[in-house]
Structure formats: structure tokens, C-alpha cells
Amino acid sequence: MGTYTTFDHTADVGLDVRGRDLADVLATAARAVFDQMLEDRPDAVAVRDTVDVRIDPDLADDAGEVLVAWLQELLYRFETARLVPMEVDVEEASPDGVRARVGFGRFDPARHGTRLQVKAVTYHGLEVRQTPDGSWRARLILDV
Amino acid sequence: MSPGKAFDGPLEPAGECRWRIPKSYKPGMRVDGIIYADAHLADQIRGDNAPEQVANVAMLPGIVRASLAMPDIHWGYGFPIGGVAAMDPADGGVVSPGGVGYDINCGVRLLRSDLTREDVQPRIDDLVARIFHAVPCGVGIGGHRDYSRSELARLLREGAAYVVRHGQGWDDDLDRTEARGCLDGADPDAVSDRAMERGRGQVGSLGAGNHFLEVQVVDRVYDAQAADAFGTPEGAVTFMIHCGSRGFGHQVCDDFLKVMRKAAAKYDIQLPDKQLCCAPVESDEGQRYLAAMRAAANYAWANRQAIMHLVREAVGNVFGRSAERLGLDLVYDVCHNIAKMEEHETPAGRRRLCVHRKGATRALAAGHPETPAVYRALGQPVIIPGDMGRYSFLLVGEPRAMEETFGSVCHGAGRAMSRGEARRHVRGEEVRRRLADKGIVVMARSSAGLAEEYSDAYKDVADVVDVVEKAGLARKVCRLRPLGVIKG
């Protein structure tokens, strides 16, 4: 699993994510986003279902758009079904799309503390690239 | 372009509380930029790169008169927060989702009452707790029920009237809501399935972040005649609701940022920043965005109406009297993130313009036909929320706003500190204690969220409204001090 740090951005929150490959960056970014929204993740939420999540090329045509589409997909599942991605196995990731197996737990407002409402993943200053040492790095800003 | 770096371009004095970025500053600017601020705020504004964004907006096709910014301006995505830009469709004018923002029709609703501070103070804990439990709030928390898709489609067309028709409000609430809580031309078919799914379960919920619900008392009156007409004399207790279109609006914005990026290329619109992506108002993309954005605006008005209904019930229960008998009348509901087609005088005559207000509030002076009949002799109430430790303001529009800013003023305090910085300064429990010392009761689902919203993280909203008043755009009616705060 990769690592991430947050950086300040006036009213919003920035994420600086590092991973060994694009798949690792996507999995780490998913964890980072839900860390902003929920307190005490990941221990409190038990995995209920494991399903396939796909991002198709018609949704995205470069690595940055793939990252945004992937995170928006997870936010959508959280808002509509209270699903929290707990175990993320990105099987395939390229600038054309993503295929992942995701173990989702269910958010329970009576039990789980919350932090920030992430409204959207923005395109501002969005950067996803391979670094000279071969690992991958992404910078993105969440509108909260 | 980032928010961190200071603006080193020209800010020329242009009259009382006005600063000009001349269109000669950058090639491609079609009009000047005008920022409303005093010398102190102008210094702060220079500190982030928002004036550069004002200049960028001045490059957009069809922009009329000037790219305008209010004293609470701060850096935003593409367009600055606190920006006003009016585009003439007959001159190739564009509409841009970035000029509205993610939270479409984020706005404020103010409810007055016959209750006084003396009635409320002894029961404030109970009152805040009852409202907190009645109004769903917080991350991941939706409304009390899921709407079917056909119900939601009707709500998107009808706005606040839909929930009033279903028993959540009074008929005259609509008279006291901007645009009567409904923009014509909303089309649920222009909205994605995803937005519909996100919207179904969130009607009547506050959300989190900077959204809030406050119990307040009028602690200072500046214009007694207007305060009496608005039902907010000194000592009166009011309730303020600040929220928007929830996940529905966020999804509409996100969907159309993708559409507009392609459209900008298709129509060969030169953009200094990709986040200004846009399409001509008259194009298919522009019309579809407006149809979806209006649906989101109507969603937000229905949402605030539904929340107000829950507040009326909760307050009625605490005091054992009906909301009618407690005089829980709506003062006004006004939006601060929107694009609307409005008629305005321009140097080229009277025109129908697409007015973007992103973190700016509509402010109509006395006599304007869109001012509610009950307030027409005075002007439209303008509600400016501040931070939870200080105060908010009620203003009324003045004629100069229509002459200069397309009938627009500021929308709030604006952040002085990032969220991370705020969290490092203070913890949620400390905020709770400091507010308690000031006699303010707070209930919040998230302690970290509370820390990020504490007072010192915001500019003093009094400085912002003073500029608006000095510039002659609106005048102060009264100040509203929080007694109780509810946050997500």
C-alpha cells in the first residue's frame, strides 16, 4: 500500500499520494479520501460485500481523469448506499480505465464518527505521473 | 495558478471602496475587473491570487461592463468566490458551471419569531437539541425519506412549491423566496441518473462543512423601519438555515464540467484556465447545463423549505405552541451560487443577460418588481451569514447595486485560515467551550469539522458588510447574534 499526506488549500483539502504503480496510487487515494470523511477508519467498518468496480474509457481519457472518475465513483456509492471501500484490490489500471475488486463496509451514523463532507474531486492542479524512480505520484484537491 | 501566491498586478483606486484591474493588464481581457474592498481588505485580497482570477473571467466571451468581485472574494476553482459576471447571449456570451460552483443554489433562509431572548435563553439547550434531532445533518446523512424518481422529477420542476404542496410550509413562504423558490426551464431529463440517485434521499437534510443552522437574537438594529418591516426588531429571536442542493448539485456540476471542457474546444473559446470551461448560452450544451442547473437550484429551494418546516415543528414542540402562534414567518430565502437570465441596463441598452453569482447574493432595491410585494417599498432582504462565534447580518438592497453589480452584493465572511491550520489551532472540544463562554450552545456531529469552522478561521463579516454599505450597494438593517449553533 502506498502513502499519502494532506496539504492545505484555503477552504479545501489537498492530497499528495504516492504508490509503486498507478493501481497503488488509486487504492491509496481511495483510502485517503475516506480518511477525510470518517473518523477512525479503517478499523470500525467491517467488510460486507466484495464487488467489481470498473471505470470505462468513455468516462476518462488520461490518468488524471481516471483518478477523478474512480474517486467520484466511490463517493457516489457512499452517498447513495453508505458504502465505504475497506479492501481495494486494483487489478488493472491505465490511463484508459480501471478494474478493481472492492470490499465495501457500510457506514453507520450511530457508530462511526465523521469529519468532512467531500463534495467533489476537482480538476484544479490535478497531477498524476510516473516519477523518475518508476513509482507514481498524484496531487489532487477535494472540494469540501 | 494556485491560491498561495500573491497578486502582483495592478489594483488601481476607482472610487469609494472600488479597485480596478484595467483591461490593459492582460491581453484578452474584454472588460476591466472591479473589486469592492477597503484598503485593509484590498491588502488581504492581494495576498491570494483571486484578483488574477477576476482578470481571467474578464476574458470570457460576451462579458458585459466588468468582471466584478465582492469584498469577501477569495480564490476559487477558475472563477473566484465572491465573483459576479454577466454575459450577453446576443454577443456570444457564455455560461460556465465554474461560475456557479459545485454547490448550486447554496443559500440562506432566515426565519423570524415573536420569541425574545428572555423566552429562549432558559430553554436554549433543549431547543438546540430538539432542532438537532429533527433536522438530519452530517456527512452521509440524508433526509427522512427517499423520493421516487417521478416524485423527484416533479420536485425539480416545481422547487419549493412542491414541498409546500405536500404540507411542508405555508403559501406565503413562496412570496418570500427568491424567484418564488422555482426557476422556469428546469428539465429533469437534462440531469444524469447519478444526480437523480444522489438526490433521491437527501431532500430535507443540511449536509456538513460550512453549512449550518443557527438560533439567533437580533442584538443591534441599524434601520428600525426596515427591521420592523422584516419582523426583526431588537431582541427578536431568528433562525438561519445555510445549505444548498447537496449531492444532487455537486453531481450536476461535475457532469457538466466534462461536457463544457469539450464544448469550449468545440466552439473554439480561448481559456486562460481550463476550469473556466464554458459554452455559449445559446448552444445546445449551454441550454442543457442551464436546464440541469435550474433543476438543482429548485432542489435547493425545496431542501431549505423542507428543513424550515422541521425547524418550525421543533420550535413549536419546545414552546408548546403552533409555529403560526409563535410568528415563525419566513423573512426571506436568497441564493448565492447561481446563473440566472435577468434583464439589465447595459451600455448597449436593455439586455437579457446570463448573470453568474458565485458566492454573491442578489440585492434588489425598493420598487423592483421581483422584490416581494410586502417589501417593495423598502427593497429585498439580503442575508449575509457570518461565523458561528460572532454574528450575521441582514441588509437591504440599494439602487447602486443595480447600476453597478447587476443587483449583487457579498455572501459571507470568507475564510481567513485553511481547514488544516484551523485544526492545528484548536480542537472541537475547545471550540465548544469557547462558544459556551460566550453563551452559545453548539451541537455538531463531527468534532473535527467543528474545529475547522471556528470563528478565527473566518474574516470578520462586519468588515465585509461595511464595505458593501460604504460602496452604496446595500445598507445594514440589523445584526444577528448566535445563541445556538447546529453543524453537520
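Here's what I pulled together on the structure shown here. Keep in mind that what you see is a predicted model, and the values were worked out from it rather than measured.

What to know about the overall build of chain A
A count of helical and extended segments in chain A gives two helices and eight strands. Listing each helix as α and each strand as β along chain A from the N terminus yields β-β-α-β-α-β-β-β-β-β. Relative to the globule expectation of 15 Å for 144 residues, the C-alpha radius of gyration of chain A, 14 Å, shows essentially globular dimensions. Taken along the three principal axes of its C-alpha coordinates, chain A extends 45 × 35 × 25 Å. Sequence separation of 24 or more characterises 66% of the internal contacts of chain A that already satisfy a separation of 6 or more. Accessible surface for chain A amounts to roughly 5,900 Å². Of this, 42% is attributable to carbon and sulfur atoms. Looking at charge distribution, chain A has the averaged site of its 17 positive side-chain charges lying 4 Å from that of its 27 negative ones.

With respect to the sheet that holds strand E3 (residues 47-55) of chain A
Residue and element names in this part refer to chain A. Reading across from one edge, E3-E5-E4 is the order of the three strands in this open sheet, with antiparallel pairing throughout. Whereas interior strands pair on both sides, the edge strands pair on one side only; in this sheet they are E3 and strand E4 (83-94). This sheet shows a mean twist of 15° between the axes of neighbouring strands, independent of strand direction. The pairing of E3 with strand E5 (residues 97-106) spans eight bridges and is classified as antiparallel. When the bridges of E5 are listed, Val47 appears paired with Gly105. Running over the sheet, helix H1 (residues 22-37) touches E4 and E5 and is turned about 160° from E4.

Focus on the interface of chain A and chain B
Across the contact, 33 residues belong to chain A and 41 residues belong to chain B. Roughly 3,200 Å² is buried in total at the junction of chain A and chain B, and carbon and sulfur atoms are behind 50% of that figure. Connecting chain A to chain B are four salt bridges. For B:Arg194, the salt bridge is made with A:Glu73, and the minimal N-O distance between the two is 2.8 Å. At the surface where chain A touches chain B, the tally comes to 13 residue pairs in polar contact (both at pLDDT 80 or more). Those elements that provide at least two residues to the side of chain A that touches chain B are strand E1 (3-9), strand E2 (12-19), helix H2 (63-81), strand E6 (120-121) and strand E8 (136-143) of chain A. When residues of the side of chain A that touches chain B are assigned to their parent elements, the largest contribution, seven residues, is made by H2(A).

Digging into the pairing of strand E7 (residues 127-130) of chain A
Residue and element names in this part refer to chain A. One ladder, built from four bridges, connects E7 with E8; its direction is antiparallel. Residue pairing for E8: Arg129 is matched across the bridge by Arg137. Hairpin connection, E7 to E8: the antiparallel pair is bridged by five residues, and Gly134 has positive phi, about 95°.

Structural notes on the pattern of salt bridges
Residue and element names in this part refer to chain B. Evaluated as defined, the whole model comprises 51 salt bridges over all chains. Across the pair Glu197 and Arg200 runs a salt bridge, and its minimum N-O distance is 3.4 Å. Here Glu197 pairs with Arg200, and both are found in helix H8 (residues 193-200), just three residues apart, close to one helical turn. In this structure Glu197 comes out as partly exposed when scored by relative accessible area, which is 25%. Arg200 sits in the partly exposed class, given a relative accessible area of 24%. For the salt bridge of Arg434 with Glu430, the shortest nitrogen-to-oxygen distance reads 3.1 Å. Residue Arg434 and its partner Glu430 are both found in helix H14 (residues 428-437); the two are separated by four residues, about one turn of the helix.

Side note on the environment of B:Leu60
Residue and element names in this part refer to chain B. Note on placement: Leu60 falls in the loop between helix H2 (50-57) and strand E4 (66-74). Classification of Leu60 as buried rests on a relative accessible area of 0%. Here the alpha-carbon distance between Leu60 and Val94, two residues 34 residues apart in the chain, equals 7.3 Å.

Calculation criteria
- Residues numbered from 1 in each chain as written.
- Chains lettered and ligands numbered in written order.
- Predicted model: local features only at pLDDT ≥ 70, side-chain atom pairs only at ≥ 80, totals over all residues.
- Heavy atoms only, no water.
- Helix = DSSP H or I, 4+ residues; strand = E, 2+ residues; numbered from the N terminus.
- Rg over C-alpha atoms; globule rule 2.2 N^0.38 Å.
- Contact = heavy atoms within 4.5 Å.
- Areas by Shrake-Rupley, 256 points an atom, 1.4 Å probe, with all protein chains shown as cover.
- Lys, Arg positive; Asp, Glu negative; His and termini not counted.
- Charge placed at Lys NZ, Arg CZ, Asp CG, Glu CD.
- Pairing = 2+ DSSP bridges.
- Axes fitted to C-alpha atoms, helices over the stretch in contact; angles between N-to-C directions.
- Buried area = accessible area lost by both parts, 1.4 Å probe.
- Salt bridge = Lys/Arg side-chain N within 4 Å of Asp/Glu carboxyl O.
- Polar contact = N/O pair within 3.5 Å; in protein donor to acceptor, adjacent residues only side chain to side chain.
- Buried < 20%, exposed > 50% of the residue type's maximum accessible area, 1.4 Å probe, protein only.

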